[in-house]
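Fold and geometry: a report
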Amino acid sequence: MPEVARRYRVTAERAIVGESLAGLFVIETFALEPDMFDIYVAIDPSLWWNNGKLAKELAKTMAPLSKRKSLFIATSSDGRIAIGGVDIAPFLGQRTNLEFVHRKLSRETHATVYHPAALEAFRTVIKKADPGK
């Protein structure tokens, strides 16, 4: 991140976006290192990976949130956030200091979900440059 800030104009706000296995990485990073970013966007995360271990252990492994965070999860008709009987949405929805949004884009498949989900995520959780709009 320091190299990006050296080369480009940036704000203090930090976000991470990932889709599929990278979406799983986003959720894992949120669970283990929630202060690394302010906004987490996971698009059709592969929560099924490793027999759903991350979803099953999320409540046990998640670090406390020291300040307000945003987590946006989008799923396609192929994806889900309930794995092996474990639905992470209720747990995340009850977290203090967390703006949690889950969007089910049922008209999209795993192959088509990225662009509409990313646009929806950015419109939902990224702060607007002009607060008057």
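These lines cover the structure that appears in this document, whether it is placed above or below. Quick caveat: nothing in here was measured; it's all calculated off a predicted structure.

Below, the discussion takes up the pairing of strand β1 (residues 15–19). In regular strands, side chains alternate between the two faces of the sheet. Burial of the side chains of β1 is restricted to one face: I16 and G18 are buried, whereas none of A15, V17 and E19 on the reverse face is. Alignment of β1 against strand β2 (residues 39–43), held across five bridges, turns out to be parallel. Residue E19 lies in a different strand from β2, and its bridge partner there is I43. Crossover β1 to β2 through helix α2 (residues 21–32) is right-handed.

Take the sheet that holds β1 next. The four strands lie next to each other as β1-β2-β3-β6, forming an open sheet whose pairing is parallel. Of all strands in the sheet, those bounded by a partner on one side alone are β1 and β6 (98–105). Across this sheet, the average inter-strand angle for adjacent strands is 10°, counted without regard to direction. Of the strand pairs in this sheet, β2 and strand β3 (residues 69–76) are connected by five bridges, and their pairing is parallel. Within β3, the position partnered with I39 by the bridge is S70.

On to the side chain of D44. Mapped onto the fold, D44 is located in the loop between β2 and α3 (49–61). Buried and unpaired, D44 has K104 as its nearest opposite-charge partner, separated by 6.4 Å. For D44, the side chain forms a polar contact with the side chain of S76, separated by 2.6 Å. Each residue touching D44, except ones within four places of it in the same chain, is listed here: S20, A74, T75, S76, G79, H110 and V113.

Definitions and cut-offs
Throughout, residues of each chain are indexed from 1 in the direction in which the sequence is written. Local features in this predicted model are restricted to residues of pLDDT 70 or higher, and side-chain atom pairs are both shown and tallied only at a pLDDT of 80 or more, whereas totals for entire chains, interfaces and linings draw on every residue. Excluded from the side-chain calculation are hydrogens and water; included are all heavy atoms of the structure. Burial classes: relative accessible area under 20% of the type maximum marks a residue as buried, over 50% as exposed, and values in between as partly exposed (1.4 Å probe, protein chains only). Note on conventions: DSSP H or I runs of at least 4 residues are helices, E runs of at least 2 residues are strands, and numbering of each starts at the N terminus. Think of it this way: DSSP has to see at least two bridges between two strands before they count as a pair. Handedness of a crossover is defined as follows: with both strands directed away from the viewer, a clockwise route from the first strand across the helix to the second makes it right-handed. Geometry is summarised by axes, namely lines fitted to C-alpha atoms with helices restricted to the contacting stretch, and by angles between N-to-C directions that run from 0 to 180 degrees. When charges are counted, Lys and Arg are positive and Asp and Glu negative, with His and the chain ends excluded. By salt bridge we mean one thing: a side-chain nitrogen of Lys or Arg within 4 Å of a carboxyl oxygen of Asp or Glu. N or O atoms within 3.5 Å of each other form a polar contact, as long as, within protein, one can give a hydrogen and the other can take it, and as long as residues adjacent in sequence are counted only when both atoms are side-chain atoms. What makes two residues a contact is simply this: any of their non-hydrogen atoms within 4.5 Å.

Such coordinate-based values are descriptive only and should not be taken to indicate function.
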